[in-house]
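Below are the chains, spelled out letter by letter.
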Amino acid sequence: MSLYLGFDASTQRLTAIVLSIEPGERRVAFEASLRFDDDLPEYHTVNGVVPDDDPLVVRSSPLLWADALDRLMAVVARDSGLDLSGLQAISGSAQQHGSVYLTAAAAPALERLDPRRPLVEQLARVLARDRSPIWMDASTTAQCAAIEEAVGGPEALARLTGSRAFERFTGPQIRKFFETDPDGYARTERIHLVSSYLASLLAGAHAPVDPGDGAGTNLMDLAERRWAPAALHATAPGLAPRLPPIAPSWTVVGALAPYWQERYGLPPARVVVWSGDNPCSLIGTGIVRPGRVAISLGTSDTIFGYLTEPRVDPSGTSHVFGAPTGDWMSLICFRNGSLARERVRDAYGLDWGAFARALDATPPGNGGALMLPWFEPEITPQVLTPGVRRVGLDPADAAANVRAVVEAQMMAMRIHSAWMGERLEVIHATGGAAANRGILQVMADVFGAEVCPLDVPNSAVLGAALRACHAVTAVPGDRVPEVPLRTADVWERVLEGFVTPRSEATVRPRPEYVSVYAALTKAYAAREREARNR
Ligand code: ADP
Ligand code: XUL
């Protein structure tokens, strides 16, 4: 039996999944998760973060992440009931942007981890900083401005790195650390991302960063997939030697360190470079070839797009990361997702059944009536002052308002993903609202593309395990030629049985309404521009 282990270190929990792959049987063999607040209470986290007096400062504990990895590995070894001698490879996914600061004591400590003592005891002295800023931190506005100015403005930084400067990105966080704690920065020999830190613990040696997570730093040359000297220079002195190398997402870092083998009776499985949760989700939602995007209809709505070239969003709201396939991906976030749909549902006293019937009962295009659905400040397009606007839409007409909110969301997604310039054949739909076929029909008609609902509860952890499998099975051996690993057909074989859209559930675009929406989308874009310029 061949087993592949994937982890996902998210804000609030660490999850593990084991895939079992045999001829004729491909299945999820085990899944387990530890919730930081409840299962590791001694770290005193609240929703996975260490409380801070400053609401803009959001940090977590690198020791907590290491401890969680140790304890969850124990759970896998003890509770999975699997013969783990068949474990071939391990990889992981982690919340993006967070950073871990290690001293020169880290490399020898990693090499000599003692299997008789818990991991966390052996790490206390290797930290140059006991707290890690994470993606929810918003305290680096001044550093963002300084970095953008030093590289020639926000557009220049976005062209170089895939994103203008964002507070949560690692570069601005590193600059802040250098400015506020120069001694701590001087003691730092290696700055890891959460992903490369956890991979280092598994391999017992400093691990590289992959281009998916590397692009979340404002420090990586997106096109070249290497650190960008101009961005490093704009961030902090002496940064280049402190950063891990950047390596392709399918790189084998090394064998699982003796610590894990001896402590948990595991084989010398190969440790594959970790990536960020969004790049891993790209794989876990099956976006492994051009022509596909994934749309997640969750608390917020998110688009993962596949890019064959390192194009960037001229408006500066989206991000472009490396894709674990070797190409690139976009991440476009809409804050008024389920939240806005729920606001409309609740305003008219409906449940999801009645919401779906309202969609059925109203004509596509809504007779030209429009809503700008900014119940909360919006990320894409950037709208700081919320406000719902109705054009030709009767606020008393429940069904028309239901249609208007869904059409607005789908048209906004279409408009703000157009910069990708990729042809679109199929959308993989995930998230809670993907259960609603009425919503998916609007999506199909607005985008003029097929929509396949996917039943993947945690695409990040699944993507991590699939990446582990891809790295070692696509072509045997550690030092594999790059080209075969990058082909979409190889990826499709890896996904088989795990990320398979159900063809009977596919929602097809209806040509007569695709043209209705082409016209309405232009009108919507004009209203959006008008509202934002006001
Ligand atoms: P999260 O972002 O928290 O992971 P999920 O992907 O689990 O969110 O989606 C949860 C959301 O799905 C709920 O907030 C709810 O608004 C929405 N939802 C659940 N069922 C339906 C439905 N039938 N129609 C529309 N939306 C739904
Ligand atoms: C992406 C982002 C989050 C984190 C945590 O830019 O900040 O999605 O990766 O999930």
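Structural data are supplied above this passage.
So, here's what we can say about the structure. Nothing here was measured: the structure is a model prediction, and the numbers come from that model.

As a further point, take the site of ligand 1. Surveying the vicinity of ligand 1 reveals the residues Gly-298, Thr-299, Ser-338, Glu-342, Trp-352, Gly-431, Gly-432, Ala-433, Asn-436 and Ile-439. Here an oxygen atom of ligand 1 sits 2.8 Å away from a polar atom, N or O, in the main chain of Thr-299. Contacts to ligand 1 include Asn-436, whose side-chain N or O atom sits 3.1 Å from a nitrogen atom. About the coverage of ligand 1: the protein hides 60% of its 580 Å² of free accessible area. Looking at the shell around ligand 1 residue by residue, the class counts come to three nonpolar, six polar and one charged.

Spatially, six strands are ordered β16-β17-β15-β14-β20-β21 in an open sheet, and the strand pairing comes out mixed. Edge positions in the sheet fall to β16 (319-322) and β21 (450-453), since each has one partner strand and no second. Between one strand axis and the next, the sheet turns through 25° on average, direction left out of account. Pairing of β16 with strand β17 (residues 328-334), which is carried by four bridges, proceeds in the antiparallel orientation. If you follow Val-320 over to β17, its bridge partner there is Ser-330.

Before going further, it helps to spend a moment on the site of ligand 2. In the neighbourhood of ligand 2, the contacting residues comprise Gln-96, His-97, Trp-135, Arg-168, Asp-277, Asn-278 and Leu-331. At 3.0 Å, a backbone N or O of Gln-96 approaches an oxygen atom of ligand 2. Side-chain polar atom of Asn-278 to an oxygen atom of ligand 2: 3.0 Å apart, as the coordinates give it. In isolation ligand 2 exposes 290 Å². Once the protein is present, 85% of that is buried. Its residues assigned to classes, the shell around ligand 2 comprises two nonpolar, three polar and two charged.

Procedures and definitions
- Residues numbered from 1 in each chain as written.
- Chains lettered and ligands numbered in written order.
- Predicted model: local features only at pLDDT ≥ 70, side-chain atom pairs only at ≥ 80, totals over all residues.
- Heavy atoms only, no water.
- Near = heavy atom within 4 Å.
- Polar contact = N/O pair within 3.5 Å; in protein donor to acceptor, adjacent residues only side chain to side chain.
- Areas by Shrake-Rupley, 256 points an atom, 1.4 Å probe, with all protein chains shown as cover.
- Nonpolar A, V, L, I, M, F, W, Y, C, P; charged D, E, K, R; others polar.
- Pairing = 2+ DSSP bridges.
- Helix = DSSP H or I, 4+ residues; strand = E, 2+ residues; numbered from the N terminus.
- Axes fitted to C-alpha atoms, helices over the stretch in contact; angles between N-to-C directions.

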